[in-house]
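Chain and residue survey
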There are 2 protein chains.
Amino acid sequence: MSRYLDRIEVPKDLKMLSKKELSELCGEIRELMITRLGATGGHIGSNLGMIEATVALHYVFDSPVDQIIFDVSHQCYTHKLLTGRKSAYLDPEEYDSVSGFTNPAESEHDIFSIGHTSTAISLASGLAKSRDLKGEKNNVIAVVGDGALSGGEALEGLNNAATLGSNLIIVINDNDMSIAENHGGLYQNLRLLRETGGTAECNLFRALGLDYCFIRNGNNINTVIDVLSRIKHINHPIVVHMCTMKGYGYLLAERNKENWHYKDPFDVGTGKVLLKTETHDTYENLTRDFLVEKMQKDSTIVAITAGTPKIFGFDENLRKQYSKQFVDVGIAEEHAIAMASGIAKNGGKPVFGVSSSFLQRAYDQLSQDLALNHSPAVILVFFAGISQGSQTHMGIFDIALAINIPNLIYLAPTCKEEYFHMLEWGLEQNENSVMIRVPGIVATSRNVALLSSYSQPVQYEVVEQGRKVAILALGKFFSLGKGVKDRLEEATGIKATLINPRYITGVDVELLEQLKENHQLVIILEDGVIDGGFGEKIARYYGCSSMKVLNFGARKEFVDWVTVEEQYEKYHLTVEQIVSDIFYELKSPDFPETC
Amino acid sequence: MSRYLDRIEVPKDLKMLSKKELSELCGEIRELMITRLGATGGHIGSNLGMIEATVALHYVFDSPVDQIIFDVSHQCYTHKLLTGRKSAYLDPEEYDSVSGFTNPAESEHDIFSIGHTSTAISLASGLAKSRDLKGEKNNVIAVVGDGALSGGEALEGLNNAATLGSNLIIVINDNDMSIAENHGGLYQNLRLLRETGGTAECNLFRALGLDYCFIRNGNNINTVIDVLSRIKHINHPIVVHMCTMKGYGYLLAERNKENWHYKDPFDVGTGKVLLKTETHDTYENLTRDFLVEKMQKDSTIVAITAGTPKIFGFDENLRKQYSKQFVDVGIAEEHAIAMASGIAKNGGKPVFGVSSSFLQRAYDQLSQDLALNHSPAVILVFFAGISQGSQTHMGIFDIALAINIPNLIYLAPTCKEEYFHMLEWGLEQNENSVMIRVPGIVATSRNVALLSSYSQPVQYEVVEQGRKVAILALGKFFSLGKGVKDRLEEATGIKATLINPRYITGVDVELLEQLKENHQLVIILEDGVIDGGFGEKIARYYGCSSMKVLNFGARKEFVDWVTVEEQYEKYHLTVEQIVSDIFYELKSPDFPETC
């Protein structure tokens, strides 16, 4: 079955194959890939589209001497397969041995760990600059999807690449899609270039000072090899504008590109996702329903996404139906937040939905465009907290990122009732820039005490009044706090006070002072990195009192595909560990015996 | 003397003047502006270049119904002068009554507080979107300098503006300069457009999907009025590419545009800066000398700037002399850090010099492109700490921004010996991404204990061993710590321990444990926002011990042009206040009597 693939251990083995054999190799890889992705899930569309081009790249260039940088790197499966990691695609027992992104820990053919979009051109420019200073002669190749071009870093990179004056090959893999459809004026130009075979005079890349060539069919390996061979060792930067088809060779994926951008394990015959736990009560769906209802009543409400419209459930139909009130800015978080600020400043009601990891791309806009201007926009932060995923997509940094910026109010609801109440308030008020940390995937419910307003002063919710130990359980970790409270009582008889802080920004001074009366230990449970987070403010507050403070949360480190359970265990975030840590402190000689 | 200006109180008064009178008004404003800027200093070049265009904008449009957003807003002096703030330019006693940037607190004609570059297009897009949803019909105008176009947010904004489908006028003020010369391929295209009168087929703005028109002489008010009148109420986004001369009408500024971008108070006749305190022993100059010496010995050392080459002293001559080893990426901090990561990854030695405030523009690149990849680049952070300046350019946020990202080592030297030792180490090592916080403007010297390596484990310097109170005085605040130590001894007889932490990232656990033996109070002095900073880690560390911790630093707030002394006073950062706070804690009932 794998007649040619069997012969490929390292990229240079490709050079033994004829063009025809290379083409058949691509067929083998495609078949294998579909089977493997059916079993494991993954980024289907981009990987199926990039098989021929990746084989061509490794045929023409000599990795790792020639350096290939994949933008986002979610299209790197064929690259991994050709660079000594074949078994991770062939052998079900080894499926887990590689990640879905490039990773220098896996192979010398992976130069960087990459997962965020739009970075490859800048990274490659640096490699090329270093090469030039050392007087070396290798090729540096950045492979960038058209969807990534809307990101500021990619545009900064293109603009600067033009000044490099030496070899740099920027392959633009134009499959006419981002995760969803592309947005922005530059895509009109890509279309014009596709339609004119790259000959249109008005050319974005040339306007950015770059040389340019065009490949009409990037799924034809011979064409790609011909073009790349011609420009190998070119002495200046060039853009290779290459058209491919997302999902190529798997009809279901070709036909519905957005749904097949990323897929959980699926049946290859029917395309149906296996083991799907159907629940409608997700924050995604509930937020969508909430926003749609609001939009119908108020034409100034605008939902904004930066290339991930399904984060709050807006599928293609809904996007069309609410096209005036739904804005996808493409991968452009900086623009998204600045635009939200502008909308809010003129009296509109913007709601920007973004994942914790991608919020990082707009720190300065949060600070300067939004918070400094007190613009009453609402930002919903999804996928926040400890999760099992790539080290490039961690959700634990949003708190430290946002809460140390002035003027922002960052709220941590503990359940859906509180979440929607806060969201409702965020839309109604017009004085504060409000962020809300979506508490997980599946909505939970509890009998929560709501505030009429979340403007200052900060007021925490005392859910159960106890003594000796107070548990500040933030957002999604409220249930963990409840578990700790119950177990602590069971184990020691101590009835702890259980508190929902509601606010990630701000300290409820009055309550913290009250706690001093009959509490000796405050613990903080925070689903994020402890450093720079919520709990450190509490520790600082009590710095000169005799109150003891114990912080729980994630350690400051990058973590790659470790299960949530393992991380909880490592960070002492299980009920048993927390109770044990409390017990240890209560027994310590440092602990006062009073009360 | 101010024959026409006397008649202008609000923008609509301009409509009473004939074209000829408007032109004479511009002359009056120019004369007035030069006198005023001679006395106060300010952004000379951009303001002199924009007088005619600003008068034209306010003549044609009806601010504040029509909304004009100035990018960076350092070119807004004529705007302020025409919108009810004339006395701040005419009357020396009122010079201080307005800031150098737009500010909604000053006038309804200022929509946003703006000081960072490349934001106006996105902010204006939001205003326009909100206008459309509300069914209103005003014009929205973004005024953007050519230098700002290299920034990712501006390019994201242009790309998205094209999809707005309604009125948005983007005036590109092309004076063929950033602060220094422009860098990047797009500037070749601007030149081509200038040379062809805007008729070249290859057009960056059209390639981004935007309509386009060209103004050859933006210093001719009649031309500008004609074009703007024609496109007023246009029903789609358009770029007005307008050429002006930076420094127009003041010969000295026309001739040396970089030096006259911003100027301290100067003699109008000679152009000489008044009251210049000449010192060569600045970190700017010393860093320049250090880098030049290194570059001569090692061809792989690269100094990188994002549009502010003089931050470490590279003037035009030096830039030319070291053109291979000096890279100005234009205003593009994201690209700068990603490129530095690439250079380091291939064995080069990048040193990126950036001001604290602009580092904010590259949080994600610090995290994903640099730290995650352990790229051994060096970042020098200038202008960090509390300063008297615009709320848009504060230097207190870099610590909270950077130290909560994994893998980074952020060092805080206390004097020039330590600074250059750390910089030297940063260049020699090849395992860590290293940041160094430049300790002020003028270099200071002391007898410091240096480490052979600043890799982990973290090791603080105990400068003076004492008891009861330990003072952790970070970086530039070391001298403050020394002052507190001396005054405390004088006032109370307590000999405190004085510590230079060296590291902003990381806790010297061994030392902090030792301190428990004969200290009861640790104070931390930090020249940055306390929230998310260094001191909170110390407070957390001691959270469950009986050690008391008191944090000193800046409050989390935006502060506009308040003197350093006033801020110190407000934040309890004077020697007397700190000693008094220590004394208060030592007397408090919470404080243990032991030791």
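Let me begin by describing the structure that accompanies this report.

Cut-offs applied
Residues numbered from 1 in each chain as written. Chains lettered and ligands numbered in written order. Predicted model: local features only at pLDDT ≥ 70, side-chain atom pairs only at ≥ 80, totals over all residues. Heavy atoms only, no water. Phe/Tyr/Trp six-rings, centres within 6.5 Å; stacked < 30°, edge-to-face > 60°. Buried < 20%, exposed > 50% of the residue type's maximum accessible area, 1.4 Å probe, protein only. Helix = DSSP H or I, 4+ residues; strand = E, 2+ residues; numbered from the N terminus. Axes fitted to C-alpha atoms, helices over the stretch in contact; angles between N-to-C directions. Parallel < 35°, antiparallel > 145°, perpendicular 65-115°, else oblique. Left-handed = near helix turned anticlockwise from the far one by under 90°. Contact = heavy atoms within 4.5 Å. Nonpolar A, V, L, I, M, F, W, Y, C, P; charged D, E, K, R; others polar. Pairing = 2+ DSSP bridges. Right-handed = clockwise from strand over helix to strand, strands pointing away. Least-squares fit on C-alpha atoms with pLDDT ≥ 70 in both. Buried area = accessible area lost by both parts, 1.4 Å probe. Salt bridge = Lys/Arg side-chain N within 4 Å of Asp/Glu carboxyl O.

1. Structural notes on the packing of aromatic side chains
All names here are of chain A. According to the stated counting rule, one finds 39 aromatic pairs over all chains in the structure shown. For the pair Phe205 and Tyr212, a centre-to-centre distance of 5.9 Å together with 15° between the ring planes defines the contact as stacked. Taking relative accessible area as the criterion, Tyr212 reaches 6% and is therefore assigned buried. Ring geometry for Phe312 versus Phe382: centroids 6.3 Å apart, planes at 90°, classification edge-to-face. Remark: Phe382 occurs in strand S9 (residues 378-382) and Phe312 occurs in the loop between strand S6 (301-305) and helix H13 (316-321); sequence separation between them is 70 residues.

2. Some points on the packing of helix H1 (residues 19-40) of chain A against helix H3 (residues 51-60) of chain A
Residues and elements named next belong to chain A. Two elements in contact, H1 and H3, have axes whose closest approach is 9 Å; the angle formed by their N-to-C orientations is 130°. Taken together, the axes of H1 and H3 lie oblique to each other. Crossing of H1 over H3 shows right-handed handedness. Note on element contacts: H3 touches H1 through Ile51, Glu52, Val55 and Tyr59, opposite Leu22, Leu25, Cys26, Ile29, Arg30 and Met33. Residues that form the contact of H1 with H3 fall into these classes: eight nonpolar, no polar and two charged.

3. Things to note about unusual backbone geometry
Residues Ser63 of chain A and Pro64 of chain A are joined by a peptide bond in cis, for which omega reads 5°. Phi at Val72 of chain B takes a positive value of approximately 60°, unusual for a residue other than glycine. In this structure, Val72 of chain B sits in the loop between strand S1 (67-70) and helix H4 (77-82). Even without being glycine, Lys468 of chain B reaches a positive phi, approximately 70°.

4. Regarding the pairing of strand S14 (residues 497-500) of chain B
All names here are of chain B. Side-chain alternation along S14 places Thr497 and Ile499 on one buried face and Leu498 and Asn500 on a second face that is also buried. Pairing geometry for strand S12 (residues 461-464) and S14, over three bridges, is antiparallel. For Glu464, the partnering residue across the bridge sits in S14 and is Leu498. Judged from the three bridges that link them, strand S13 (residues 468-473) and S14 form a sheet pairing that is parallel. Within S14, the position partnered with Leu472 by the bridge is Ile499. With helix H19 (residues 478-492) bridging S13 and its parallel neighbour S14, the resulting β-α-β unit is right-handed.

5. Things to note about the relation of the copies chain B and chain A
Two copies of one chain are present, and they are related through a rotation about an axis combined with an axial shift. Once chain B is rotated about the relating axis by 180° and shifted along it by 0.0 Å, it coincides with chain A to within an RMSD of 0.0 Å. Such a combination of rotation and displacement between the chain copies is what one expects of a two-fold axis. The residues that chain B uses at the interface reappear at the interface of chain A in 100% of cases, marking a shared surface.

6. Some details on the interface of chain B and chain A
In this complex, chain B contributes 111 residues to the contact, which on the side of chain A involves 111 residues. Taking both partners together, chain B and chain A bury about 8,700 Å²; carbon and sulfur atoms supply 56% of that area. Taken together, the links from chain B to chain A amount to eight salt bridges. With a shortest N-O distance of 3.3 Å, Glu536 of chain A and Lys537 of chain B are connected by a salt bridge. Taken together, the residues of the side of chain B that touches chain A break down into 39 nonpolar, 48 polar and 24 charged.

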